[in-house]
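Inside the fold
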Amino acid sequence: MGTLFFSIFFLLPFTAYAARKKPEAAIEKRPPPVYAAAPPVLTRDRPGFCITGARSGKDFHSEAAFKSIVWKSDVVYVGETHGESLDHMAQLEALKAMKIARGSKIAVGFEMLNQALQPVLDEYAAGKLTEEEFLVKADWKTGRAFDFAMYKPLFDFIITNKLRAIALNVPRSVVGKISRSGLESLTPEERRSLPEEFKITEHKKYNEYLKESFAGHGNSPPAKTFTFENYQASMAAWNEGMGSRIAAFLNENPGYAVLVITGNGHVIYNAAIPASVKARIKDVRQASFYTANAAKCPEILPKEHKDMANYIWYINHPPKPEPAVTISTATVGSPPAGIVKAVYAGN
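Per-chain numbering applies: the sequence of each chain, read as written, is numbered from 1 onward. Thresholds applied to this predicted model are a pLDDT of at least 70 for local features of residues and 80 or more for the giving and counting of side-chain atom pairs; totals over whole chains, interfaces and linings are not thresholded and use all residues. Side-chain figures throughout are based on the complete set of non-hydrogen atoms in the structure, without hydrogens or water.

1. A few points about the confidence of the model for the protein chain
pLDDT gives the predictor's per-residue confidence on a scale running from 0 to 100. Across the protein chain, the average pLDDT comes to 82, with 76% of residues at 70 or higher. The low-confidence segment residues 1–39 (pLDDT under 50) makes 98 contacts with residues lying over four places distant or belonging to another chain. Here residues 326–346 scores under 50 on pLDDT; set against residues more than four positions off or in separate chains, the count is 44 contacts. The contact criterion used is simple: two residues touch if any of their non-hydrogen atoms lie within 4.5 Å.

2. Observations regarding the sheet that holds strand β8 (residues 311–315)
Two strands are counted as paired when DSSP detects at least two bridges linking them. Strands here are runs of E lasting at least two residues and helices are runs of H or I lasting at least four, both read from the DSSP assignment and numbered beginning at the N terminus. The seven strands lie next to each other as β2-β8-β7-β3-β6-β4-β5, forming an open sheet whose pairing is mixed. Each of the sheet's edge strands pairs with one partner strand only, and the pair in question is β2 (51–53) and β5 (164–169). Taken pair by pair, the neighbouring strands of this sheet meet at an average axis angle of 25 degrees, ignoring direction. In this sheet, β8 lies alongside β2 in antiparallel orientation, the contact comprising three bridges. Considered in β8, the bridge of I51 is made with W313. The sheet strands contacting helix α7 (residues 148–160) are β3 (75–80), β4 (106–114), β5 and β6 (257–263), and the helix crosses β4 at an angle near 140 degrees. All axes are obtained by fitting lines to C-alpha atoms, using only the stretch in contact for helices, and the reported angles, taken between N-to-C directions, cover 0 to 180 degrees.

3. Quick notes on the environment of V175
Relative to the elements of secondary structure, V175 occurs in helix α8 (residues 172–181). Burial classification: accessible surface area is computed with a 1.4 Å probe over protein chains only, and a residue below 20% of its type maximum counts as buried, one above 50% as exposed, and the rest as partly exposed. Take V175: its relative accessible area is 3%, and that puts it in the buried class. Expressed as a C-alpha distance, the spacing of V175 and A233, which sit 58 residues apart in the sequence, is 8.8 Å. Among all residues touching V175, those that are not within four sequence positions of it are V170, S234, M235 and W238.

4. Some words on the packing of aromatic side chains
Working definition: rings of Phe, Tyr and Trp (its six-membered ring) pair if their centres are within 6.5 Å, and the pair is stacked with planes under 30 degrees apart, edge-to-face with planes over 60 apart, and tilted otherwise. Per the stated rule, a full pass over the model turns up 24 aromatic pairs. Summarising the aromatic geometry, the rings of Y124 and F134 are spaced 4.2 Å apart at their centres and angled 5 degrees between planes, so their arrangement reads as stacked. One end of the pair, Y124, is in helix α4 (residues 118–125); the other, F134, is in helix α5 (residues 131–137), with ten residues separating them in the sequence. Since its relative accessible area comes to 0%, Y124 is described here as buried. Of the residues examined, F134 reaches a relative accessible area of 1% and is grouped as buried. Ring centres of F214 and F228 lie 5.8 Å apart, and the angle between their planes is 75 degrees; this geometry places the pair in the edge-to-face category. Here the residue F214 occupies a position in helix α10 (residues 204–215), and F228 occupies one in helix α11 (residues 228–252), the gap between them amounting to 14 residues. Overall, F228 belongs to the buried group, its relative accessible area being 14%. These aromatic residues form a ring-pair network of at least three members: F110, Y124, F134, W140, F146, F148, Y151 and F155. The cationic tip of R164 hangs over the ring face of Y256; the distance from NZ or CZ to the ring centre is 5.7 Å. Comment: the charge-over-ring label is applied if NZ (Lys) or CZ (Arg) is within 6 Å of the ring centre and within 35 degrees of the ring normal.

5. Some points on the state of the cysteines
Counting rule for disulfides: a pair of cysteine sulfur atoms within 2.5 Å. On inspection of all chains with the given rule, the structure shows one disulfide. Between the sulfur atoms of C50 and its disulfide mate C297 the distance is 2.0 Å. Residues C50 and C297 share a disulfide whose torsion about the S-S bond is about 95 degrees; that sign makes it right-handed. Residue C50 is found in the loop between α1 (24–29) and β2, and its partner C297 is found in the loop between β7 (286–293) and β8; the two are separated by 247 residues along the sequence. Considered together, C50 and C297 belong to a single accessibility category, that of buried residues.

6. Observations concerning the pairing of β6
Consecutive residues of a regular strand have side chains that alternate between opposite faces of the sheet. β6 sits mainly inside the fold: seven of its seven residues count as buried. The pairing of β4 with β6 spans five bridges and is parallel. Looking at the pairing, A107 lines up with V258 of β6.

In structure tokens, the structure reads:
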């Protein structure tokens, strides 16, 4: 399965690149980066489709096969590892395919935006804010660890085609507080940021995944209340909060489809957000894509990818240089609740 460790209590320097506003024509005419990789693996310069059914092992290695999946779905999840730009290209391909089938009746849900930012997101999607104004009002420069340049094509497509957008995330401070102290520690106001009812999953493989990631924390943080049970509850609150937002939108907007932009960890085994939506909407049609790195399109489904989503989308990511790491010890200990950040590979 690979190592996909959560890191809820590490404070990381948040740096985001605010892309300069460009007209749509300029976006389309940008020369593609040079990167050699043979199709059908997705490359930097052209979208490709190396997609395998995670249950059946069946190949869906064509644009037509991909569209046949997307067109019949009410909710499409394309997971990501946040720092991989090609994962975001895959998400854009899904959005383009959905546009053919649904026209303007599409909403794009963003994990990286807190629900309280919905009014700001509405203004930006409607073209009432410039990109720079949105970045400031959404606190993207200081409040996200994600490079906005990678998400910009998605936002540009939403604005140009007059689509809807949904801020999915629950407050980070609430997720962090649950993981430190449990659901019982929430104030009434904090509890209102979550669905009235939600369940902690009993999915065996997903809970094994959570146990593996919990073990990766070692002795950090030192609080005795940082138990697996509290950690599991925090993930449930996180996933159920986003799932309830998607379900509420679909119930209020018949005929719409939703593309969910989220980390792979919220898609894995269909036990997180997809399970939450399914529990809230009878007969909802969903398709989940777990994005995985592969130098070439595998001939058969690797055993470790079995059942990780509905489909595995293999993408040939270019190698990245090893970054210089600077760790500050100034904030060692329990961080203030307001700045707890949940970050993990493909969250």
